[in-house]
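Listed here are the chains, written in short residue letters.
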Amino acid sequence: MTTTPVLEAVDETLETQGKPPLNVIYEWLTTVDHKKIGLMYICYALLFLVIGGFEAVLMRIQLAIPNNHFVSPQVFNQLFTMHGTTMVFFMGMPILFGMGNYLVPLMIGARDMAFPRLNAFSFWVSAFAGFLLYFSYIGGSGLYAAGSAPDVGWFAYAPLTSKVFSPGHSTDYWTLAVFLSGIGSIGTALNIVTTILCMRCKGMKMSRMPLLPWLYLVMSGLVFVAVSPLTAAQIMLTFDRYLGAHFFDTQAGGSAILWMHFFWIFGHPEVYVLVLPAFAFANEIIPVFSRKAMFGYPAMVAASVAIGFISLSVWAHHMFTAGLGPAGNTFFVFATMVISVPTGIKIFNWLATIWGGKIIFAVPMMFMVGFLFQFLIAGLTGIMLAAAPFNWQLSASYFVVAHFHYVLVGAIVFSLFGAFYYWYPKVTGKMMDETLGKWHFWLFLIGFHLTFDFMHIPGILGMPRRIYTYEDGRGWNTLNFIVGIGAIFQAVGTLILVYNMIRSYYKGKEAGHDPWDAWTLEWSVPSPPPSYNFAIEPTVNSRRPLWDLKHPEDPDTDYE
Amino acid sequence: MTTITTASRIPIDGPIETPWKLPYRGNVGMACLIIAESAIFIIFVVAYIYYIGKSLSGPTPAQVLELPILGTICLLSSSIFVHLAVSSLRKENYRGTTLHLGITVLLGTIFLATTAKEWYHLIHDEGLTIKTNLFGTTYYSLVGLHATHVVVGLIMLSLTLVLSLAGRVKEEHSEKLEVLSLYWHFVDAVWIVVFLVVYVLGR
């Protein structure tokens, strides 16, 4: 095997060496470079990952034993509201947008995003929104009349959000934070779509584009039609609270169900907004560590687009118990079942890629195997909940909580961790420590299964979600205690990751430009990539340009 | 090594030798914005349709609304003039551009004035505010959301008009003016929907 020829780099790295710290800070604050903005997104999302995780641990300590008085009911409501809002809007979306920001231009051979200044604007709006949400804590009772932290749940069902039920300004902080995060998300999604459609390097037809940009394209399209309704609903809610409008005011003929519809028209596609990038990471990592080309590229693209469309017609399966009537329920049962078809296609394609490959169990691949199994199980409980009669029994129980955490943590976070280990060498030029990585993987895997496998059972035994404590002698005690221990395992695993990232930055071994012997364009530039990425804009002739470069005797078209 | 060149023996089957042409990013970006904005408008329209006839107290739309014929004609015809402004810019007819932009801004302003007059009438003579009933809530939200978009469009068009009067708008800017005209066409198209829902279906 020959070494990959590197594109001649402009002789400057991230440009921070030897400059006074004030200049470095100024440079980061004013940057429009897609890599720096991507990194800022990731750092700020990691901060919120730690905060949101801390809130989860507090909740599990409260629920670990019956009749616990660790936190008050009011504080518990605030904890689950802030945990949900933080993890979806200020951890999930920013971290995935950050990865997209960093990777998409590199993978399509572009020098930057299509609208660099809009990119910076979107980041700062999103970051401001996150701090605005937590400002409600600092505002405390009385100061700035902020009330205290929001306690209406991340779904903010009417009429909990009306002035009568939540006086003070905590709900307004929530509304504004979610609204601004929506503006930032739409801006970034617009930028990603435009970048992918208008900035591809020569020869990179849509059919030759790596799967990661493809999935980000679908995900961004979904953001337009999913996040915008939420933004509209926040405008309505603000009108209700501040101008005395009656959108969700049942006393004046308004409808609380309408809020549920508007919220879940956002809420369900949002799951796919989060999971499509997770698929994207799997699509890049699994082939490289199986040493095989991706199996069924066109099917993968088609399945992603299909998921994007079908996900728009499944929202009311969150509302089976709200009384939509048999016709409505039947439609949404059917639509929800149908979406498992393209998802199944994806799982089979990943398995077919691994099948017969020379599998290398480095840390990224370990996380991907965890992702595959857990995503499969999450899909199975999803099909269970999609059946309306079954759903009536388990609605608003811990079974539902266990199911969606299986998707959000078992699939998305595992895939994301794999992506961290995979692209860290590209971003910093240093390898992450493998031993610490394995500790992280195993602790997190064990913690994950302790928490979320066992969480299904109290749900089936009738434990409702969102209760702050429970009585002794219902058979939930041991299970909840195990769940609490699992949460602490996961927290320790995540802290190991953060420690590993910081330590490897200073002490890790040099990575070189292509440590994994990979095939996509980002590995053809030095690590970390210089400003403007490519000294000369590349030209590609196949889906795996670096493979062709390394193996001229075995061109890629045989596999396309 | 400078570029990743044809390292393989595969004949090039793509349009690499011919000029590699990708869509203009302004148009794609505006198309994305229009999709997102449409989703926002759809939510407001759905809320409006859902609440038709559900107000618990008066006044009803049939009692107070009148068809805004003049405003509609002005707004819809302004779309034609903004299109003419783009095509005259392509032909380097700069005086035509300025003239057509001026007419567009004028027609848009007339539309905004008719909306303002209508709101003044509703608030002062009929006593209908956003608080009064569900009709007031949905009416002011939907029409107000559209009017906000008209205001944004008018600000951008007026800036372009000022630049054009100063002789700064040249042929090479025609793609950018076209992006702005796409936005204006979108605002017009939304008005057709709002007009049908509020003034035809709602009454």
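Provided above is the structure to which this section pertains.
Along each chain, residue indices are assigned from 1 in the same order as the chain's sequence is written. The order in which chains are written sets their letters, starting at A; the order in which ligands are written sets their numbers, starting at 1. Since the coordinates come from a predicted model, pLDDT governs what is reported: local features require at least 70, and pairs of side-chain atoms require 80 or more to be given and counted, while whole-chain, interface and lining totals use all residues. To get the side-chain values, take all heavy atoms of the structure and skip hydrogens and water.

Q: Could you clarify how one ought to interpret the packing of helix 11 (residues 363-386) of chain A against helix 13 (residues 398-428) of chain A in this entry?
A: How two helices pack is summed up by the angle between their axes together with the distance between the axes. Residue and element names in this part refer to chain A. Here, axes are lines fitted to C-alpha atoms. For helices the fit covers the stretch in contact, and angles between N-to-C directions go from 0 to 180 degrees. Helix and strand definitions follow DSSP, with helices as H or I runs of at least four residues and strands as E runs of at least two, each counted in order from the N terminus. It is at 8 Å that the axes of helix 11 and helix 13 come closest, and there the two elements cross at 160°. By the angle between their axes, helix 11 is roughly antiparallel relative to helix 13. For the pair helix 11 and helix 13, the crossing hand works out as left-handed. Residues are grouped as follows: Ala, Val, Leu, Ile, Met, Phe, Trp, Tyr, Cys and Pro are nonpolar; Asp, Glu, Lys and Arg are charged; all remaining types, including Gly, are polar. Counted by class, the contact of helix 11 with helix 13 contains 20 nonpolar, 8 polar and no charged residues. Roughly parallel means an angle under 35 degrees; roughly antiparallel, over 145; roughly perpendicular, 65 to 115; everything else is oblique. In a left-handed crossing the near helix is turned counterclockwise from the far helix by less than a right angle, and in a right-handed crossing that turn is clockwise.

Q: For this particular structure, what's the right way to read the packing of aromatic side chains?
A: The geometry of an aromatic ring pair is captured by the separation of the ring centres together with the interplanar angle, meaning the angle of the planes. For Phe, Tyr and Trp, where Trp contributes only its six-membered ring, two rings pair if their centres lie within 6.5 Å, and the inter-plane angle classes them as stacked under 30 degrees, edge-to-face over 60, or tilted in between. Following the criterion strictly, the structure yields 59 aromatic pairs over all chains and no others. Aromatic pair A:Phe48 and A:Phe131: ring centres 5.7 Å apart, planes at 50°, arrangement tilted. Taken together, the residues span a long stretch of sequence, with A:Phe48 in helix 2 (residues 34-64) and A:Phe131 in helix 4 (residues 116-139) at a distance of 83 residues. A ring has a charge above it when a Lys NZ or an Arg CZ is no more than 6 Å from the ring centre and no more than 35 degrees off the ring normal. Taking NZ or CZ as reference, A:Lys163 lies 4.9 Å from the ring centre of A:Tyr242, over its face. Just above the ring of B:Tyr50 sits the side chain of B:Lys54; from NZ or CZ to the centre is 4.0 Å.

Q: Sorry if this is basic, but what is going on with helix 7 (residues 256-290) of chain A here?
A: Helical geometry: 3.6 residues make up each α-helical turn, so side chains three or four residues apart lie on a common side. All names here are of chain A. With 35 residues, helix 7 extends 51 Å from end C-alpha to end C-alpha; this agrees with the ideal 51 Å at 1.5 Å per step. Where helix 7 bends most, the angle comes to about 30°, and this point is Trp 264. Exposure categories follow from relative accessible area, calculated using a 1.4 Å probe and restricted to protein chains: below 20% of the type maximum is buried, above 50% is exposed, and the middle band is partly exposed. For helix 7, a buried count of 32 out of 35 residues is recorded, marking the element as mostly surrounded by other parts of the structure. Its side-chain oxygen at 3.2 Å from the backbone nitrogen of Ile 257, Ser 255 defines the N-terminal cap of helix 7. Expected helix span is given by 1.5 Å per residue-to-residue step, counting one fewer step than there are residues. A residue's bend is simply the angle between two axes: one fitted to the seven residues ending at it, one to the seven starting at it. What qualifies as a polar contact is a pair of N or O atoms within 3.5 Å, subject to a donor-acceptor requirement within protein and to the restriction that residues adjacent in sequence count only when both atoms come from side chains.

Q: Can you help me understand the packing of helix 7 of chain A against helix 10 (residues 340-354) of chain A in this one?
A: Residue and element names in this part refer to chain A. Running from N to C, helix 7 and helix 10 point in directions that differ by 20°, and their axes come no closer than 9 Å. Here helix 10 runs roughly parallel to helix 7, going by the angle between their axes. Once helix 7 is placed against helix 10, the crossing between them reads as left-handed. Where helix 7 abuts helix 10, its residues Phe 279, Ala 282, Asn 283, Ile 286, Pro 287 and Ser 290 lie against Thr 343, Lys 346, Trp 350, Thr 353 and Ile 354. Classifying every residue of the contact of helix 7 with helix 10 by side-chain character gives 6 nonpolar, 4 polar and 1 charged. Every residue pair with non-hydrogen atoms within 4.5 Å of one another is taken to be in contact.

Q: Just to check I follow, could you spell out the nonpolar core for this structure?
A: Only buried residues count toward a nonpolar core, which is a set of Ala, Val, Leu, Ile, Met, Phe, Trp, Tyr and Cys residues joined through side-chain atoms within 4.5 Å. One finds A:Met99, A:Tyr216, A:Phe281, A:Trp350, A:Phe371, A:Phe420 and B:Tyr139 to be the most contacted residues of the largest nonpolar core, which totals 232 residues. Broken down by element, this core gets its largest block of residues, 22 residues, from helix 7 of chain A. Discounting residues that sit within four places of it in the chain, A:Trp350 has contacts with A:Phe279, A:Ala282, A:Asn283, A:Ile286, A:Met294, A:Met300, A:Phe371 and A:Leu372.

Q: Even after reading the chapter, I still don't get helix 5 (residues 170-198) of chain A, so can you show me in this structure?
A: When the terminal C-alpha atoms of helix 5 of chain A are compared, their 42 Å separation across 29 residues agrees well with the 42 Å that a helix rising 1.5 Å per residue should span. Summarising burial for helix 5 of chain A: 25 of the 29 residues are buried, a large majority.

Q: What's the story with unusual backbone geometry in this structure? I'm lost.
A: Most peptide bonds take the trans form, and the phi angle of most residues other than glycine is negative. Here the residue pair A:Ala158 and A:Pro159 is connected by a cis peptide bond, since its omega of 0° sits within 30 degrees of zero. Mapped onto the elements, A:Pro159 comes out in the loop between helix 4 and helix 5. The linkage connecting B:Gly58 with the following residue, B:Pro59, adopts the cis geometry, with an omega of -5°. Positionally, B:Pro59 belongs in the loop between helix 1 (25-50) and helix 2 (61-64). Of note, A:Ala396 is a non-glycine position whose phi angle comes to about 55°, a positive value. Topologically, A:Ala396 is positioned in the loop between helix 12 (388-394) and helix 13. Positive phi, normally seen in glycine, also occurs at A:Asp517, with a value near 55°. Position of A:Asp517 among the secondary structure elements: in the loop between helix 15 (477-507) and helix 16 (545-550).

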